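For reference, the chains in residue letters:
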Amino acid sequence: MAAPLNISFFASSLVSAYWNGAATYYRGMVRALARLGHRVTFYEPDAYGRQAHRDMEDPDWATVVVYPATEEGVFSSLEAARGSDIVVKASGVGVFDALLEAEVLGLKREGTQVIFWDVDAPATLERIGTHPADPFLPLVPRYDMILTYGGGDPVVRAYRGFGARECIPIYNALDPDTHHPVSPDERLRADLSFLGNRLPDRERRVEEFFLSVAERLPRRSFLLAGSGWEDKSKSENVRYIGHLGTGDHNAFNCSPMAVLNVSRDGMARYGFSPATRVFEAAGAGACMITDLWEGIGEFFEPEREILVAANGEEVAQILERLTPALAAEVGRKARARVRAEHTYTHRARQFEEIFSAGSARRIGRLP
């Protein structure tokens, strides 16, 4: 086992998934790191009503520090993190991101590495690529490393092109303790279900791969969950249930015949960016239909462990030929694959390999 690390993590939230799509990624990674003996302090701002919409108490596998969403709160938390072995600034904290990205670099010293962990690399790269005056751009080479939760070689090449010392993807994964098969819930029955918040870079693709399919197949039932879709035009066979807490995600994945994955625009363009919910659904044994993106085969075998559609018409075709028996078989194979190769224990061990003493990838020893 690698020597235990003291890790300080600045990110959106560990204890609330409210308007916080990265929550389960953080939880899976931090808990797996703790199980390997590492100590994590997670600093999150009291912002966007997240603390009022917690879906978990402070865990025993991390120290959670909720700081006021003020400059004073930021600087106080940075001072508390001083002396850590690794300091992480994640993208998308939501408040004072630019301040944190600059000031966290002041914690670098002998024995302390400062890394940027990008949970939305396509958006970050497109932003700094089109805005040369973006304050984050000159900071990229100053970080000891860039980690991402997706993107593959296209993201790695792009970050290196902006001067990153190193860029390594640590992909989303499954925590088998939190996402697993449960009994179906009659409230969540449907032929096809989709869970996702309404975001500008996702809305058009949800229209194509989900809402238009519902219009094509009036005899099929569809279930839509997530925040922000209240005033969106929907056909009569679409039920909308609003925000769905993480405690209901297993039932959501186990109750319909199939669940749909729709990538955000940037992630679809870069490829190699499976959403967290892909692994969560697979862990529950769900039959998944996904939009087409490069790199799917690196994670699941198409037509055997996941069903792939290039457009809404192909989603409709898949749904028309899908039977409960076939769906159950696809879900069973997906669950076996994800448990064998894509758990957060696998990802935490990758993290250890990157940062363990003597590793060839250790910052300062890179060719």
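Rules of the game
- Residues numbered from 1 in each chain as written.
- Predicted model: local features only at pLDDT ≥ 70, side-chain atom pairs only at ≥ 80, totals over all residues.
- Heavy atoms only, no water.
- Helix = DSSP H or I, 4+ residues; strand = E, 2+ residues; numbered from the N terminus.
- Buried < 20%, exposed > 50% of the residue type's maximum accessible area, 1.4 Å probe, protein only.
- Arc of directions from axis to C-beta.
- Contact = heavy atoms within 4.5 Å.
- Pairing = 2+ DSSP bridges.
- Right-handed = clockwise from strand over helix to strand, strands pointing away.
- Axes fitted to C-alpha atoms, helices over the stretch in contact; angles between N-to-C directions.
- Salt bridge = Lys/Arg side-chain N within 4 Å of Asp/Glu carboxyl O.

*Asks:* Help me understand unusual backbone geometry, please; the structure alone is not making it clear to me.
*Replies:* Apart from glycine, the bulk of residues carry a negative phi angle, and the bulk of peptide bonds sit in the trans form. We note that Tyr-48 has phi near 60°; this positive angle belongs to a residue other than glycine. Locating Tyr-48 in the fold gives a position in the loop between strand S2 (39–46) and strand S3 (63–68). A positive phi angle is found at Glu-303, which is not glycine, with a value near 70°. Position of Glu-303 among the secondary structure elements: in the loop between strand S12 (288–291) and strand S13 (307–309).

*Asks:* Whenever I open this one, helix H4 (residues 121–130) confuses me. Can you help?
*Replies:* Because the α-helix completes a turn every 3.6 residues, residues three or four places apart line up on one side. All buried positions along H4 are accounted for by Ala-121, Pro-122, Thr-124, Leu-125 and Ile-128. Axial view of H4: buried residues confined to an arc of 165°, hence all on one face. Structurally, H4 contributes buried residues whose contacts are with strand S5 (113–118), strand S6 (145–148), helix H5 (152–161) and helix H8 (265–270).

*Asks:* Honestly, the pairing of S6 in this entry has me stumped. Any pointers?
*Replies:* The side chains of a regular strand alternate between the sheet's two faces. Here S6 shows no split at all, with Met-145 and Leu-147 on one side and Ile-146 and Thr-148 on the other all buried. One ladder, built from four bridges, connects S5 with S6; its direction is parallel. Within S6, the position partnered with Trp-117 by the bridge is Leu-147. In this fold, S5 hands off to H4, which returns the chain to S6; that crossover is right-handed. Pairing geometry for S6 and strand S7 (residues 167–169), over three bridges, is parallel. By the bridge assignment, Leu-147 is partnered in S7 with Ile-168.

*Asks:* Where do I start with the sheet that holds S6 in this structure?
*Replies:* Strand pairing within a sheet occurs via backbone hydrogen bonds; the two strands may be parallel or antiparallel. Spatially, seven strands are ordered S3-S2-S1-S4-S5-S6-S7 in an open sheet, and the strand pairing comes out parallel. Strands with a single pairing partner mark the edges of an open sheet, and in this sheet they are S3 and S7. Looking at each pair of strands side by side, their axes are set apart by 25° on average, direction ignored. Both strand S4 (residues 86–90) and S5 contribute to a ladder of five bridges, which runs parallel.

*Asks:* I'm lost on the pattern of salt bridges in this one. Help?
*Replies:* Opposite charge on two side chains lets them pair, provided their charged atoms get close. Throughout the structure, instances matching the rule amount to 31 salt bridges. A salt bridge links Arg-35 to Asp-177, with the shortest nitrogen-to-oxygen separation between them at 2.4 Å. Highlighted residues: Arg-35 in helix H1 (residues 23–35) and Asp-177 in the loop between S7 and strand S8 (192–195), separated in sequence by 142 residues. Note on Arg-35: relative accessible area 52%, which makes it exposed. We note a salt bridge from Asp-144 to Lys-108, for which the minimum N-O separation is 3.5 Å. On the criterion of sequence distance, the pair formed by Asp-144 in the loop between H4 and S6 and Lys-108 in the loop between helix H3 (97–103) and S5 is long-range, its members being 36 residues apart. Several salt bridges share partner residues, and in doing so they unite Arg-198, Glu-203, Glu-207, Asp-231 and Lys-232 into one network.

Bear in mind that shape data such as this cannot, by itself, settle questions of function.
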